[in-house]
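# Remarks on the overall topology
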Amino acid sequence: MKQLDPPIPDPDWQGHVIAESTGFRWLAVRQLFNWRLVGVAVDAEPMDGATWGWCYTDPHALAAAVGIWNPDVQDEPLGWHKRPTDTIRKAPRRAEDPEYNRARCIHGNYIDTSTACGHDPYCPDFASSRRQAASMTAR
Ligand SMILES: [Zn+2]
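Residues numbered from 1 in each chain as written. Predicted model: local features only at pLDDT ≥ 70, side-chain atom pairs only at ≥ 80, totals over all residues.

With an omega dihedral of 5°, the bond running from D5 to P6 counts as a cis peptide bond. Mapped onto the fold, P6 is located in strand β1 (residues 2-10). Even without a glycine there, the phi angle at Q14 is positive, about 55°. Take Q14: there are 11 C-beta atoms within 10 Å of it, and that puts it in the exposed class. (Helix = DSSP H or I, 4+ residues; strand = E, 2+ residues; numbered from the N terminus. Buried ≥ 20, exposed ≤ 12 C-beta atoms within 10 Å, placed from the backbone.)

Consecutive side chains of a regular strand alternate in pointing toward one face of the sheet and then the other. The sheet contact formed by β1 and strand β2 (residues 15-21) spans 5 bridges and is antiparallel. Residue Q3 lies in a different strand from β2, and its bridge partner there is A19. The loop that links β1 with its antiparallel partner β2 comprises 4 residues; one of these, Q14, has a positive phi angle of about 55°. What sits between β2 and strand β3 (residues 24-30) in their antiparallel hairpin is a turn of 2 residues, with G23 showing a positive phi close to 80°. (Pairing = 2+ DSSP bridges.)

The subject of this paragraph is the sheet that holds β2. Ordered by their spatial adjacency, 5 strands build an open sheet running β1-β2-β3-β4-β5, and the pairing between neighbours is antiparallel. Each end of this open sheet is capped by a strand with a single partner; those strands are β1 and β5 (52-56). Between one strand and the next, the sheet's axes are offset by a mean angle of 25°, whatever the strand orientation. By the bridge criterion, 5 bridges tie strand β4 (residues 35-41) to β5 in an arrangement that is antiparallel. Residue pairing across strands places G39 opposite W52, the latter belonging to β5. Each of β1, β2, β3, β4 and β5 is contacted by helix α1 (residues 59-68), which is oriented at about 40° to β4, the strand it contacts most. (Axes fitted to C-alpha atoms, helices over the stretch in contact; angles between N-to-C directions. Contact = placed C-beta atoms within 7 Å.)

What follows is the structure, encoded as structure tokens:
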């Protein structure tokens, strides 16, 4: 991941390109209550939209997450609270970092090491894992 210093304003997205990786530009875009990290394919047309996105409450947390993220081997960055895309990103060489690439809920919390979501008490991903655990003990 190559971070851009200073970031480059992008008038189409009304945000800033903060980093580049293989095949993607990564932008920080201010939204109503969020800062969104947006992944746009370098060969995308202006109306194609983003391929990937994650929402942060704080622009500094977004920048810090981008600073330590290796998108070639890590599926998603850290520290976000919402994944607005339906598809979960899979890194091209994800097998190189299986510990990092464990399953997460839609709010970014690892499902196997947390007992609750931490963002939403009714998180559907934790509810389904609780149901699964309850049905296992009932047998
Ligand atoms: Zn959750």
